[in-house]
Amino acid sequence: MKKLTALVLALCMALGLAACGGSKDTGSAAGSTAAASGDTIKIGVYEPQSGDNGAGGKQEILGIQYANSVAPTVEIGGKTYNVKLEIVDNESSNDKAVSAASQLVSQGVSVVLGSYGSGVSIAASDTFKNAGVPAIGITCTNPAVTAGNTHYFRACFIDSFQGPVLANYAYDNLKVKKAYCLSKLGDDYSDRKSTRLN
């Protein structure tokens, strides 16, 4: 499982870097800052390191750092670039999401990875869009993260897919006829999951 996670994260980094080598957005502050950074490409790591999702965010950061240690450089258009990670803590908070995203934009990142937690990804989406910085969600599963936009992508399945797959597996393979769904009251994420399993 750890190898699979590392491979997925390495793929995310590669896809993000490929996006950097495509069309250039010279009209955006992020595009011009990244172009001026010379032989280094900065990848923003937009993850919680504190708050409710801090533990999950730290795991994703470790995976990204591992992928970066395996592939510390990338070749784009025949030129080799060093890859530098810029890590910010969005604190698992929708209220802090915009300032954390703005910090990455001001640091001149070319692409963003994250976040663990769909809510903070949705909250920061317009900040990345307005700066012309593509973002790739590694594990955010809410369809609203990517719905109706051309700048936020995902490497993970969505909620409406995983619920039925788990229910079908339980019914077809385990022959389970009844299931109990334990959810956290007032939490959109668990409420959405348990509703789809009913």
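Thresholds, definitions, all that
- Numbering of residues starts from 1 in each chain and follows the order in which that chain's sequence is written.
- At least 70 in pLDDT is required for a residue's local features to be given in this predicted model, at least 80 for side-chain atom pairs to be given and counted, and no such filter applies to totals for whole chains, interfaces and linings, which use all residues.
- The side-chain numbers reported here are obtained from all heavy atoms of the structure, hydrogens and water having been left aside.
- Residues belong to one nonpolar core when they are buried, are Ala, Val, Leu, Ile, Met, Phe, Trp, Tyr or Cys, and are joined through side-chain atoms within 4.5 Å.
- The buried label applies to any residue whose accessible area, calculated with a 1.4 Å probe on protein chains only, is under 20% of its type's maximum; exposed applies above 50%, and partly exposed to all values in between.
- Going along the chain from the N terminus, every DSSP run of H or I of four or more residues is numbered as a helix, and every run of E of two or more is numbered as a strand.
- We call two residues in contact whenever any of their non-hydrogen atoms come within 4.5 Å of each other.
- Only strands joined by at least two bridges in the DSSP assignment are considered to pair.
- In predicted models, pLDDT denotes the confidence assigned by the predictor to each residue on a 0 to 100 scale.
- A patch is a set of surface residues, each over 30% in relative accessible area and not in a salt bridge, joined within 9 Å for like charges and within 5 Å for the nonpolar side chains Val, Leu, Ile, Met, Phe, Trp and Tyr.
- Accessible areas in this description were obtained via Shrake-Rupley with a 1.4 Å probe; residue shielding takes into account the shown protein chains only.
- We count a salt bridge whenever a side-chain nitrogen from Lys or Arg sits within 4 Å of a carboxyl oxygen from Asp or Glu.
- Axis angles are defined between N-to-C directions and span 0 to 180 degrees, where every axis is a line fitted to C-alpha atoms and, for a helix, only to the segment in contact.
- A crossing counts as left-handed when the near helix is turned anticlockwise from the far one by less than a right angle, and as right-handed when that turn is clockwise.
- Following the grouping adopted for this structure description, the nonpolar residues are Ala, Val, Leu, Ile, Met, Phe, Trp, Tyr, Cys and Pro, the charged ones are Asp, Glu, Lys and Arg, and the polar ones are all others, Gly among them.

(A) Structural view of the nonpolar core. Ranked by size, the top nonpolar core spans 18 residues in total, and within it Y46, L104, V112, A124, F128, V133 and Y152 carry the most contacts. Where this core is concerned, the elements lending two or more residues are α4 (94-106) and α5 (118-131). Take this core: its biggest share by element is five residues, from α4. Beyond its immediate sequence surroundings of up to four residues, F128 is in contact with Y46, A101, V105, V112, V133, A135, H151 and Y152. In this structure, I43, I61, V111 and I138 belong to the second largest nonpolar core, which totals 14 residues.

(B) Region of the structure containing unusual backbone geometry. Geometrically, the link from G114 to S115 is a cis peptide bond, its omega value of 20° lying close to zero. With respect to the helices and strands, the residue S115 is situated in the loop between β4 (111-113) and α5. With phi around 60°, S92 is a residue other than glycine that occupies positive phi space. Tracing the chain through its elements places S92 in the loop between β3 (79-89) and α4.

(C) Quick peek at the pairing of strand β2 (residues 73-76). Across the two faces of β2 the burial differs, with V74 and I76 buried and T73 and E75 not buried at all. In this structure, β2 lies alongside β3, joined through four bridges in antiparallel fashion. Residue I76 lies in a different strand from β3, and its bridge partner there is K79. Between β2 and the antiparallel strand that follows it, β3, lie two residues; G77 among them carries a positive phi value of about 60°.

(D) Layout of the confidence of the model for the protein chain. Per-residue confidence for the protein chain gives a mean pLDDT of 81, with 75% of residues at or over 70. Confidence over residues 194-198 falls short of pLDDT 50; this stretch has eight contacts with residues more than four positions distant or in other chains.

(E) Quick look at a nonpolar patch on the surface. Taken together, the side chains of F157, F161 and V165 make up a nonpolar region of the molecular surface, amounting to roughly 280 Å² of accessible area. For F161, a relative accessible area of 48% puts it in the partly exposed group.

(F) Up close: the sheet that holds β3. Spatial ordering of the open sheet is given by β2-β3-β1-β4-β5-β6, a layout of six strands whose pairing is mixed. Two strands bound the open sheet, and with one partner strand each, they are β2 and β6 (152-154). Recorded for the sheet is a direction-independent mean angle of 30° between the axes of neighbouring strands. Pairing analysis gives three bridges linking strand β1 (residues 40-47) to β4, with the strands arranged parallel.

(G) Representation of the packing of α4 against α5 within the structure. In the contact formed by α4 and α5, the axes pass within 8 Å of each other and the chain directions differ by 35°. Classified by chirality, the crossing of α5 by α4 is right-handed. Where α4 abuts α5, its residues N94, A97, V98, A101, S102 and V105 lie against G119, V120, A123, A124, T127, F128 and A131. Looking at side-chain class alone, the contact of α4 with α5 contains nine nonpolar, four polar and no charged residues.

(H) Representation of the pattern of salt bridges in the model. Scanning the entire structure with this criterion turns up three salt bridges. A salt bridge links K79 to D39, with the nearest nitrogen and oxygen atoms 3.0 Å apart. A residue pair is termed long-range when its members are at least 10 positions apart, and K79 in strand β3 and D39 in the loop between α2 (29-35) and β1 qualify at 40 residues. Taking the relative accessible area as the measure of exposure, D39 reaches 43% and is therefore partly exposed. Here K42 ties to E86 by a salt bridge, and the two come within 4.0 Å at their closest N and O atoms. With K42 in strand β1 and E86 in strand β3, this residue pair connects regions lying 44 residues apart in the sequence. Exposure remark for E86: the relative accessible area of 11% places this residue in the buried category. Salt bridges sharing partners connect three or more residues here, namely K42, K84 and E86.

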